[in-house]
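# Survey of secondary and tertiary structure
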Amino acid sequence: MDFDIERKRMIRSLVEKGYLTKPDVIKAMEKVPRHLFVPEGIRRSAYIDTPLSIGEGQTISAPHMVAIMVEALDLRPGMKVLEVGGGSGYHAAVMGEIVRPDGHVYSVERIESLAERAKKNLKEAGYDDIVTIVVGDGSKGLGEFAPFDRICVAAAAPGVPEPLKQQLADDGKLLIPVGGRWYQDLILVERKQNKFLQTNLGGCVFVPLIGEYGYGN
Ligand code: SAH
């Protein structure tokens, strides 16, 4: 199986369906090898537009969801980004590709074994210089590296965690699935000084954010 050809085909289909429109996001998703971020036994499925199991009951998001989120975040080179829910590291790598070379992505993952695998995946794919994986409860943010230009939460929360709002830079954007455990709305929060503007980008389904400002431990 030629993964590069499969990846190009999938990206073309995401463009045709309207999920991908921005040249920098298209380029980044064309470049990041998703097959290196899924367990070896299911690599053949890496370029099907679907979430896949990465162990510990968690999933790597479907490529169209990564496309929607990365487009909505409006990333630019040099930005400092926080991801909550690092999972496989794939989404962080796509963001890293866009903020390169002067930006950085800090990605928090609460399950240690997944964090270790994500670190390995990122190294193998060549993103360990631009993405730092941190083990911990990302619902509290990552105070020591705040403020962040962008915050991307890849797990569903009952509401927008207050620490994440506070760790957002002025003119910053935060994306988070908010709602019940089985179905959520993708919410974009934009900070203008101390005002927070919220826009609903539509329905989505994510695994729960487990932590102090999520669904509890
Ligand atoms: N972005 C990932 C997919 C994330 S799946 C990728 O590209 O593969 C959601 C992840 O959020 C899971 O790995 C889960 O363990 C993690 N998670 C859930 N609650 C968390 C919390 N409070 N802090 C950090 N990670 C959390």
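Our subject is the structure listed above.
Residues numbered from 1 in each chain as written. Predicted model: local features only at pLDDT ≥ 70, side-chain atom pairs only at ≥ 80, totals over all residues. Heavy atoms only, no water.

## A look at helix α2 (residues 23-31)
Of all the positions in α2, only Val25, Ile26, Ala28 and Met29 are classed as buried. Viewed end-on, α2 has its buried residues packed into an arc of 165°, placing them on one side of the element. Exposed positions of α2 whose direction lies more than 90 degrees from the buried face are Pro23 and Lys27. The inward-facing, buried residues of α2 contact α1 (3-16), α3 (63-73) and α4 (90-99). (Buried < 20%, exposed > 50% of the residue type's maximum accessible area, 1.4 Å probe, protein only. Helix = DSSP H or I, 4+ residues; strand = E, 2+ residues; numbered from the N terminus. Arc of directions from axis to C-beta. Contact = heavy atoms within 4.5 Å.)

## Re the pattern of salt bridges
Counting across every chain of the model gives 11 salt bridges. Linking aspartate 74 and arginine 76 is a salt bridge whose minimum nitrogen-to-oxygen distance equals 3.4 Å. In this structure arginine 76 comes out as partly exposed when scored by relative accessible area, which is 43%. As a salt-bridge pair, arginine 100 and glutamate 97 come within 3.3 Å of each other at their nearest N and O atoms. We classify arginine 100 as partly exposed; its relative accessible area is 24%. By sharing partners, the salt bridges in this structure join Lys31, Glu97, Arg100 and Asp129 into a single network. (Salt bridge = Lys/Arg side-chain N within 4 Å of Asp/Glu carboxyl O.)

## Some thoughts on the sheet that holds strand β9 (residues 195-204)
For sheets, the rule is that strands pair by backbone hydrogen bonds, running either parallel or antiparallel. Taken in spatial order, the 7 strands make up an open sheet running β5-β4-β3-β6-β7-β8-β9, and their pairing is mixed. Each having just a single partner strand, β5 (131-135) and β9 make up the two edges of the open sheet. Taking the axes of each pair of neighbouring strands and ignoring which way they run, one obtains an average angle of 15° across the sheet. Direction of pairing for strand β4 (residues 104-109) relative to β5: parallel, over a ladder of 5 bridges. Within the sheet, the bridge partner assigned to serine 107 lies in β5 and is isoleucine 133. Contacts from α4 reach β3 (80-84), β4, β5 and β6 (148-153) within the one sheet, and its direction differs from that of β4 by about 165°. Along the sheet face, helix α5 (residues 112-125) touches β4 and β5 and points at about 165° away from the line of β5. (Pairing = 2+ DSSP bridges. Axes fitted to C-alpha atoms, helices over the stretch in contact; angles between N-to-C directions.)

## What about the packing of α3 against α4?
Contact geometry for α3 and α4: axes closest at 11 Å, N-to-C directions at 35°. You can see that α3 and α4 cross each other, and the crossing is right-handed. Facing α3, whose interface residues are Val66, Met69, Val70 and Leu73, α4 presents Tyr90, His91, Val94, Met95 and Ile98. For the contact of α3 with α4, the residue count by class is 8 nonpolar, 1 polar and no charged. (Left-handed = near helix turned anticlockwise from the far one by under 90°. Nonpolar A, V, L, I, M, F, W, Y, C, P; charged D, E, K, R; others polar.)

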